[in-house]
Amino acid sequence: MPPSIKLTEKLPWNYYRYITGFLVLGFSYWPAGISTFYTPYIFKPISNFLRFLFGKIYFPIGELVYLALVIILIFSCLKWIWVYRNDFKYLSFWKHQLVKWLNGFFAIFLVFELIWGLNYQKLDPSKDFKLKVPLVYTERQMDSLSQKLINDLNFTRSKMSDFDPKMMNFDTILSQNRVEFAKNAQNRPFLKYQNTSFKKAIFPSWGDYFGYLAFYQPLTGEAIVRGDLPPFTWPFTISHEIAHQLGYASEEQANFIAFVIGIESEQPVFNYATQLQLFTYAQYAHLNFIAKRGDFALYKEIVERNKKLLHPQVLEDRRLIKAFFREKQDLQIKGTEEMYNQFLIWNKQSKGIESYNDVLLWVIAYESKKKG
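(A) Quick peek at the overall build of the protein chain. In terms of helices and strands, the protein chain carries 14 helices and three strands. A principal-axis box enclosing the C-alpha atoms of the protein chain has dimensions of 75 × 45 × 40 Å. Sorting the 372 residues of the protein chain into buried and exposed places 45% on the buried side. Sequence separation of at least 24 residues holds for 79% of the intrachain contacts in the protein chain that already meet a minimum separation of 6. Distance between charge centroids for the protein chain: 5 Å, based on 44 positive and 33 negative side chains.

Structure, rendered in structure tokens:
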């Protein structure tokens, strides 16, 4: 036994923790059970309570919690290296540490799964919306959807001809989001949203380095969004994060909830913001088909065609949004995108980051149902 480890520090395998962990892991393969028992009776009460507890505080506690955890982790690692620096040569030391780390990992795993993670495996809301969602979309469908969205964008922007995005107020948009969810909840009670807890980030520049616009903080129940985002991104982004607060962990499903809220709104700015986001997804998907074939002449032709069809004011709004992201793109820490991609895959989102784009499958199903 290394001199720095006393006999009283011997760690038994925490069998109860491991048994509980494997039971939770097994439960994660029962989507119907998660949707029926976990989300309504465990996650939602916890999330509602956390939003009630932290929602009245004007600044995001969740960011400070993450900052504190990072600081504690750094100092704990430094302390660990210093205290055990003479024990690294002992095999018994590493066996002891391995058990200790595994116990800690299972504790974190259990907390994460019970307060949030199991939502990744719940049933999708296609039954709630009475939709038959296709498994794939075609190049023709994406071209057709892009053209439809161009027409929608031009029409909606014409109704807002004198509208300046600088006139938009974050708190007003957030308040309207609550109204839109309340309206939807009249016919879709599963979208009922209580105890608003939505905060502007204290450190928006963190998003530059870690590649996020907003995030749900499961430890505090808060949705935290960068306040420096282009205003036309607010309605969709806020709705997306509220969807997470309601238990829609999957990015494509949260995107679909945001789409429904935005497209069914009577507010032109909500329609327009949603159409802008969906056009970005649809055009990307269409061009991706072409790029995979290596037909870059057609790729350029489609881009130029779409630009000519879009109203100049729509092009200007898109230019401002793209300029924001272009300015930040070189700041992201290498590897963070792949880490998030892997995180989604671990949580059974097989397409990782690309799953955001799968909202297009839901949009196709939604539009098909609307046509009858």
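Past the structure itself, the notes keep going.
(B) Fine view of the packing of aromatic side chains. One pass over the full model with this rule turns up 36 aromatic pairs. Relative to Phe 109, the ring of Phe 106 lies with its centre 6.3 Å away and its plane at 65°, an arrangement referred to as edge-to-face. Pair noted here: Phe 106 and Phe 109 are both in helix H4 (residues 91-115), with a separation of three residues, about one helical turn. Phe 109 matches Phe 106 in its accessibility class, with the two residues each being buried. Ring pairs connect the aromatic residues Trp 80, Tyr 84, Phe 88, Phe 93, Trp 94 and Trp 101, which therefore count as one cluster. Its end group placed over the ring of Tyr 248, Lys 122 keeps NZ or CZ at 4.5 Å from the ring centre.

(C) Quick peek at the environment of Leu 114. Within the secondary structure, Leu 114 is located in helix H4. Once residues lying within four places of it in the same chain are set aside, the contact partners of Leu 114 are Val 24, Tyr 38, Ile 42 and Ile 46.

Analysis parameters
- Every chain begins its residue count from 1, and numbering advances along the sequence as written.
- In keeping with the predicted nature of the model, local features appear solely for residues at pLDDT of at least 70, side-chain atom pairs appear and are counted solely at 80 or more, and the whole-chain, interface and lining totals rest on all residues.
- To obtain the side-chain values, all non-hydrogen atoms of the structure were used and water was disregarded.
- Strands are runs of DSSP state E lasting at least two residues, helices are runs of H or I lasting at least four, and both sets are numbered from the N terminus onward.
- The classification of residues rests on relative accessible area computed with a 1.4 Å probe and restricted to protein chains. Under 20% of the type maximum is buried, over 50% is exposed, and intermediate values are partly exposed.
- Two residues form a contact once any of their heavy atoms are found within 4.5 Å.
- Positive residues here are Lys and Arg, negative ones are Asp and Glu, while His and the chain termini are left out of the count.
- To locate a charge, take atom NZ for lysine, CZ for arginine, CG for aspartate or CD for glutamate.
- For Phe, Tyr and Trp, where Trp contributes only its six-membered ring, two rings pair if their centres lie within 6.5 Å, and the inter-plane angle classes them as stacked under 30 degrees, edge-to-face over 60, or tilted in between.
- Sitting over a ring, as applied to charges here, requires NZ of Lys or CZ of Arg to be within 6 Å of the ring centre and within 35 degrees of the ring normal.

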